[in-house]
Amino acid sequence: MLTARLTFILRRILQAIPILLAIMIINFLLLKLAPGDAADVLAGEAGSATPEYMAELRERFGLDQPVAVQLVKYLGRVAVLDFGFSFRHEMPVTELVLDRLGPTLILMVTTITIAVGVGSLLGVLAAVGLNTWRDSFISVLALVSYATPLFWVGLMLILLFSVRLGWFPTSGMETISAFHTGWDRVWDIAHHLVLPALTLSLFYLALYTRLMRASMLEQQGMDYVTTARAKGLTDRWITFRHVLRNALLPVVTMAGVQVSSLIGGSVIVETVFGWPGLGQLAFESLFARDLNLLMGIFFLSAVLVLVVNLVVDILYTMLDPRIELS
Amino acid sequence: MTHTAPITPDRNTPNPEPTAIARIVSFWKLFMRNRSAVVGLVILVCVISLAILAPLIYPTDPFRMVGRPMSPPLDGYLFGTDTLGRDIMAGIAHGARTSLMIGLIATIVALGIGGLIGGLAGYYGGWIDEILMRVTEVFQTIPSFIFAILLVAVLTPSIENIIIAIAVVSWPALARLVRGEVMSMRNREFVQANVVMGMADWRILLLQVLPNCLSPIIVAASLLVATAILIESGLAFLGLGDPNVMSWGFQVGAGRSVLRQAWWICTFPGIAIMLTVLAINLVGEGLNDALNPRLREREQ
């Protein structure tokens, strides 16, 4: 069993390689598509440049070589995680991006936990009280949060909870001037985290609620439920011990699929709340026309999606041993 | 019950074809039974009318200053004015045009790409399917919103490029759907008969297979319009909208910095986005129920 799982993981990693390669090529093509190359950018920074200087710059960056050669060199650099230099931040892109990964992960993990946890709970409540006011209310809530743009939810929450009520800070990840350490700092970050995490999780909450409701309803019609009922088990016991466990499977799959869109959502939420993660970095690089940096973030987020999908697949085989590893 | 089709229709003896009008009437009756879908349709019709009438109601450029900056709602202007004294309601009316147009055209482009790739993959199978599905998988792995941002940033923000970006990130799901539908049709007798008749592949695909798997595609496309509007508003909010065109996302983004002093600037355009997207989603679900009546009964 263990070796089967290991070969499964290994094969999945091998399958991810061509996808990564394709994403790298797309990245490169976009870089070529952009008006102006690195030499233009540098020359622009310097204010003026002679054609000789431009030619020299192009030669230094290898921009005078054929596109195919440039592509191979680019792939070689990306393979060792070298995404070039961010001219705005005067730092290597890799360093910058890894620096900002932490806050984004905090935000995403919190969001997934809230969305899957509360979403499943609401879904179960809706399914148990099918066609009652509770079910309708939860369904309407899901529909509305499905249709609401994230940035607007964020702004409205700021308006209500920060401006009017003053309960939570409007932006940032911590009160930097306070120099908190230890648990104080954790508490401070958690305090700042509430609104962004709530904003980002609303949409997914709705998604998991609907999914869980449908999944519960489907499972309730299964033969094993009839058997359990025939054994004389109570409804509550059947719902929570039998149906719930099986109904969770599609929710787990969906959590993996949604990570990709979650990253997109975090760009918006981080921008609205000034959360110092990858999304905000992407927003900043957008305005500075720092394409190197934007490409680095794009690539890293694609890698993140691949990794999470792999983890979800492994988790899935553990939750449901019937799934063939082959 | 309005539909009286037998549960197991006999495929060999053709049923008397209901006329197009009869079919539309029965579809309409099914659709009208769904109350939330009707509500959605009413809202959507209002938004569409607003978009059509915008140049008549607000003939001046929505970017033009008309009043005192940041005057509150109902103080001369229904929803107030923004930081530069632009009428917010005029912006919403003109923004409706932008949102609906981008949503619709991006969906049509995505349908074109997704339909072509999914259709080819499903119809031919084999290595063509293998390659096309690998490509689709790559595009599905890429975080779509960041990809859209990147595309617009690289191509420079304009209506055309925003449409391209939204279509490029939206087609994979449609391709998968079309592929599945075409695959299930591929070996049906009427398709085989066309092959034997020597009909060209593209004609079979376009004239025989596609019309038979239209309903799930219509439903998916209608929901895609809603998603496209959300993506567009997100891009515009981040400052990646076409600078010459008024849009709801731009309005919210522009009012962000004065949220504390002037809540109305961000609030009303946001409500417009929400209502429109909600309406399209409701109509999409209504279409789904009306086009697949059996599915609906199973769910209940």
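Cut-off values and rules
- Residues numbered from 1 in each chain as written.
- Chains lettered and ligands numbered in written order.
- Predicted model: local features only at pLDDT ≥ 70, side-chain atom pairs only at ≥ 80, totals over all residues.
- Heavy atoms only, no water.
- Helix = DSSP H or I, 4+ residues; strand = E, 2+ residues; numbered from the N terminus.
- Buried < 20%, exposed > 50% of the residue type's maximum accessible area, 1.4 Å probe, protein only.
- Contact = heavy atoms within 4.5 Å.
- Salt bridge = Lys/Arg side-chain N within 4 Å of Asp/Glu carboxyl O.
- Domains from an automatic or database assignment.
- Buried area = accessible area lost by both parts, 1.4 Å probe.
- Nonpolar A, V, L, I, M, F, W, Y, C, P; charged D, E, K, R; others polar.
- Polar contact = N/O pair within 3.5 Å; in protein donor to acceptor, adjacent residues only side chain to side chain.
- Expected span 1.5 Å × (residues − 1).

S.K.: With reference to specific residues and values, describe the overall build of chain B.
M.R.: If you tally the helices and strands in chain B, you get twelve helices and zero strands. Ordered by position from the N terminus, the helices and strands of chain B form the series α-α-α-α-α-α-α-α-α-α-α-α. Along the longest, intermediate and shortest principal axes, the C-alpha atoms of chain B span 75 × 45 × 35 Å. Counting the 300 residues in chain B, one finds 48% classified as buried. Here the contacts in chain B between residues at least 6 apart in sequence split such that 71% fall between residues at least 24 apart.

S.K.: An account of the overall build of chain A is needed here, citing residue identities and associated values.
M.R.: Tallying secondary structure elements over chain A gives twelve helices and two strands in all. Moving toward the C terminus, one meets the helices and strands of chain A in the order α-α-α-α-β-β-α-α-α-α-α-α-α-α. By its C-alpha atoms, chain A is 90 × 55 × 40 Å across when sized along the principal axes. Residue burial in chain A is summarised as follows: out of 326 residues, 43% are buried. In chain A, 74% of the contacts between residues at least 6 apart in sequence involve partners at least 24 apart.

S.K.: Residue-level account of the pattern of salt bridges, with values.
M.R.: All told, the structure shown has seven salt bridges over all chains when counted by the stated rule. Of the charged contacts in the structure, one is a salt bridge between Arg-213 of chain A and Asp-135 of chain A, with a shortest N-O distance of 2.9 Å. Within this pair, whereas Arg-213 of chain A is found in helix H8 (residues 182–220), its partner Asp-135 of chain A is found in helix H6 (residues 133–147), the two being separated by 78 residues in sequence. You can call Arg-213 of chain A partly exposed: its relative accessible area is 24%. Under the relative-accessibility criterion, Asp-135 of chain A is labelled buried at 3%. Its salt-bridge partner being Arg-134 of chain B, residue Glu-130 of chain B comes within 3.6 Å of it at the nearest N-O pair. Pair noted here: Glu-130 of chain B and Arg-134 of chain B are both in helix H4 (residues 126–141), with a separation of four residues, about one helical turn. Counted as one network, the salt bridges with shared partners bring together Glu-130, Arg-134 and Glu-137 of chain B.

S.K.: Tell me what's going on with the domain arrangement of chain A, and back it up with residues and numbers.
M.R.: All names here are of chain A. Annotation of chain A at the domain level lists domain 1 (2–93) and domain 2 (95–319). Between domain 1 and domain 2, the C-alpha centre-to-centre distance is 32 Å. The partner domain 2 presents 23 residues to the 25 residues of domain 1 that form the contact. Summed over both sides, the interface of domain 1 with domain 2 buries roughly 2,300 Å², with 71% coming from carbon and sulfur. Of all the elements in the fold, those that place two or more residues in the side of domain 1 that touches domain 2 are helix H1 (2–33), strand E1 (85–86) and strand E2 (91–92). The dominant element in the side of domain 1 that touches domain 2, judged by the number of residues it contributes, is H1, at 13 residues. Of the residues contributing to the side of domain 1 that touches domain 2, the split by class is 18 nonpolar, four polar and three charged.

S.K.: Quick rundown of the side chain of Thr-141 of chain B? Include the residues and the values.
M.R.: Secondary-structure assignment places Thr-141 of chain B in helix H4. Of the residues examined, Thr-141 of chain B reaches a relative accessible area of 8% and is grouped as buried.

S.K.: Give a detailed account of the interface of chain B and chain A, specifying residues and quantitative values.
M.R.: Each side of the interface is counted separately: chain B has 40 residues, and chain A has 44 residues. Both faces considered, chain B and chain A share a buried interface measuring about 3,800 Å² in area, 81% of it formed by carbon and sulfur atoms. Broken down residue by residue, the surface that chain B buries against chain A is led by Ile-146, Leu-150 and Val-154 of chain B, which jointly contribute 16%. In this structure, the connection of chain B to chain A is made through one salt bridge. At the boundary of chain B with chain A, the tally comes to four residue pairs in polar contact (both at pLDDT 80 or more). Listing elements by their share of the side of chain B that touches chain A, those giving two or more residues are H4, helix H5 (144–155), helix H9 (214–237), helix H10 (248–255) and helix H11 (263–291) of chain B. With twelve residues, the top contributor of residues to the side of chain B that touches chain A is H11 of chain B. Classifying every residue of the side of chain B that touches chain A gives 27 nonpolar, nine polar and four charged.

S.K.: Break down H5 of chain B for me, with residues and values.
M.R.: Residue and element names in this part refer to chain B. Given a rise of 1.5 Å per residue, twelve residues ought to cover 16 Å, and the 16 Å separating the end C-alpha atoms of H5 matches this to within 8%. The element H5 is largely enclosed, with a buried count of ten among its twelve residues. Looking one or two residues beyond H5, the residue adopting positive phi is Thr-156, at roughly 70°.

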